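So you can see what is in the structure, the chains are spelled out below.
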Amino acid sequence: MASGWQLANVGYAYGTTPALADLSLAIEPGGFYGVVGPNGSGKTTLVDLLIGEKAPSAGEIRFDGRAPAAWRRRDLARRVALVPQEFRVQFGFSVLDVVLMGRHPYLPRFAGPGEEDLAVVERMLDLLDVRHLCARPVTELSGGEKQRVVAARALAQDTPYLLLDEATSSLDISHCLKILRAVRQGVERQGRTVIAVLHDLNLAAAFADRLIVLHRGRLAACGPVAEVLDAELIDRVFGVRALVEREGKTTRVLYNYGEEGRQ
Ligand code: ADP
């Protein structure tokens, strides 16, 4: 049985509005996949399909051999964690409650967290620098603090697959790098798989092994960063002129911040 995700001619439409069309790709276990593309190109829809939040309107998607939507939620939650773009917090949960939720897929029914669960949660509170917020209601946090708490919950889930949907968009550069370095470490040391929607092409180039590039709901490119990310692609997909520099394994994107055509 193939593991990871296999998408064959996947399409998704919101009513009559097509969001994804004819998407065929494989996300194999191990490695950091960056998902990039302009606003509205289908990135969040793709994440929702991968996690079984939505079922495709066309084609077929499989995760570890089964349609994601067909998995029992609890079983899937032991395999895949998600840091969503928007975390709608229900009233008054404390930061500690939310991070502990990451352990729910492992707890026997009606049982509280055990020693190991608490140890994992403690580690994540420190890693995401939210320990000092522990007793605070999540409803009273800033956007960036909330994002760190939600990331701590997802990491506490301790899954082989991690999906991040613009999970660093509200973070200062220090916390942004902290999260991306931590998940990158999980890829390198534990062979985990990360799929991260990122807007910043330089962050994507720095942390991802492979890019999935979406444009108007279609796959514009998919492959190793060094093969995929170039000035032609950035112009074609984002309509922006850029300079792409490569130095050894490093790829850097430089933009012309002045008027178009003056570079
Ligand atoms: P991205 O994450 O790349 O910004 P999305 O996957 O959120 O893109 O959206 C893809 C397309 O689907 C866009 O054209 C968007 O307007 C449309 N769309 C997203 N959510 C809905 C919805 N709930 N109802 C109708 N159209 C939607």
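Procedures and definitions
Residues numbered from 1 in each chain as written. Predicted model: local features only at pLDDT ≥ 70, side-chain atom pairs only at ≥ 80, totals over all residues. Heavy atoms only, no water. Helix = DSSP H or I, 4+ residues; strand = E, 2+ residues; numbered from the N terminus. Rg over C-alpha atoms; globule rule 2.2 N^0.38 Å. Buried < 20%, exposed > 50% of the residue type's maximum accessible area, 1.4 Å probe, protein only. Contact = heavy atoms within 4.5 Å. Areas by Shrake-Rupley, 256 points an atom, 1.4 Å probe, with all protein chains shown as cover. Lys, Arg positive; Asp, Glu negative; His and termini not counted. Charge placed at Lys NZ, Arg CZ, Asp CG, Glu CD. Salt bridge = Lys/Arg side-chain N within 4 Å of Asp/Glu carboxyl O. Pairing = 2+ DSSP bridges. Right-handed = clockwise from strand over helix to strand, strands pointing away. Axes fitted to C-alpha atoms, helices over the stretch in contact; angles between N-to-C directions. Left-handed = near helix turned anticlockwise from the far one by under 90°. Nonpolar A, V, L, I, M, F, W, Y, C, P; charged D, E, K, R; others polar. Phe/Tyr/Trp six-rings, centres within 6.5 Å; stacked < 30°, edge-to-face > 60°. Near = heavy atom within 4 Å. Polar contact = N/O pair within 3.5 Å; in protein donor to acceptor, adjacent residues only side chain to side chain.

## Topic: the overall build of the protein chain
At step 1: Counting its secondary structure elements, the protein chain contains nine helices and 11 strands.
At step 2: Over its C-alpha trace the protein chain gives a radius of gyration of 19 Å, about what one expects of a compact globule, namely 18 Å for 263 residues.
At step 3: Across its three principal directions, the C-alpha atoms of the protein chain cover 60 × 40 × 35 Å.
At step 4: In the protein chain, which comprises 263 residues, the share counted as buried stands at 46%.
At step 5: Here the contacts in the protein chain between residues at least 6 apart in sequence split such that 62% fall between residues at least 24 apart.
At step 6: For the protein chain, the accessible surface area stands at approximately 13100 Å², while carbon and sulfur atoms represent 50% of it.
At step 7: Mean positive and mean negative side-chain charge positions of the protein chain (32 and 32 charges, respectively) differ by 3 Å.

## A few points about the pattern of salt bridges
At step 1: Using the criterion set out here, one finds 14 salt bridges in the structure.
At step 2: Aspartate 48 is paired through a salt bridge with lysine 54; the nearest N and O atoms lie 2.6 Å apart.
At step 3: A salt bridge links arginine 72 to aspartate 75; the nearest nitrogen and oxygen atoms lie 3.7 Å apart.
At step 4: On the basis of relative accessibility, which here comes to 54%, the residue arginine 72 falls in the exposed class.
At step 5: Judged by its relative accessible area of 25%, aspartate 75 is partly exposed.

## What to know about the pairing of strand 7 (residues 193-197)
At step 1: Of all five residues in strand 7, five are buried; the element is thus mostly enclosed.
At step 2: Taking every second residue as pointing to the same face, both faces of strand 7 are buried, with Thr193, Ile195 and Val197 on one and Val194 and Ala196 on the other.
At step 3: Of the pairings in the sheet, the one linking strand 3 (residues 31-36) to strand 7 comprises five bridges and is parallel in character. Within strand 7, the residue paired with glycine 31 across the bridge is threonine 193.
At step 4: In the classification by handedness, the crossover that spans strand 6 (residues 161-165), the intervening helix 6 (residues 173-190) and the parallel strand 7 is right-handed.

## Side note on the packing of helix 4 (residues 115-127) against helix 5 (residues 143-156)
At step 1: Viewed as axis vectors pointing N to C, helix 4 and helix 5 meet at an angle of 145°, and their least axial separation amounts to 9 Å. With respect to the hand of their crossing, helix 4 and helix 5 are arranged in right-handed fashion. Between helix 4 and helix 5, the contacting residues are Val120, Val121, Met124 and Leu127 on the first element and Ala152, Leu155 and Ala156 on the second.
At step 2: Residue composition of the contact of helix 4 with helix 5, grouped by class: seven nonpolar, no polar and no charged.

## Here we look at the packing of aromatic side chains
At step 1: One pass over the full model with this rule turns up six aromatic pairs.
At step 2: Between phenylalanine 63 and tyrosine 161, the aromatic rings sit 5.1 Å apart at their centres with planes inclined by 80°, giving edge-to-face as the arrangement. Of this pair, phenylalanine 63 sits in strand 4 (residues 58-63) while tyrosine 161 sits in strand 6; the two residues are 98 residues apart in sequence, bridging distant segments of the chain. Taken individually, phenylalanine 63 and tyrosine 161 each receive the classification buried, so the pair is uniform in this respect.

## Side note on the site of the ligand
At step 1: The immediate surroundings of the ligand are formed by Tyr14, Ala19, Pro38, Asn39, Gly40, Ser41, Gly42, Lys43, Thr44 and Thr45.
At step 2: Threonine 44 is positioned such that a nitrogen or oxygen atom in its backbone is 2.9 Å from an oxygen atom of the ligand.
At step 3: For the ligand, an oxygen atom lies 2.5 Å from a polar atom in the side chain of threonine 45.
At step 4: For the ligand, the accessible surface in isolation is 560 Å², of which the surrounding protein chains cover 58%.
At step 5: Considering only residue class, the shell around the ligand consists of three nonpolar, six polar and one charged.

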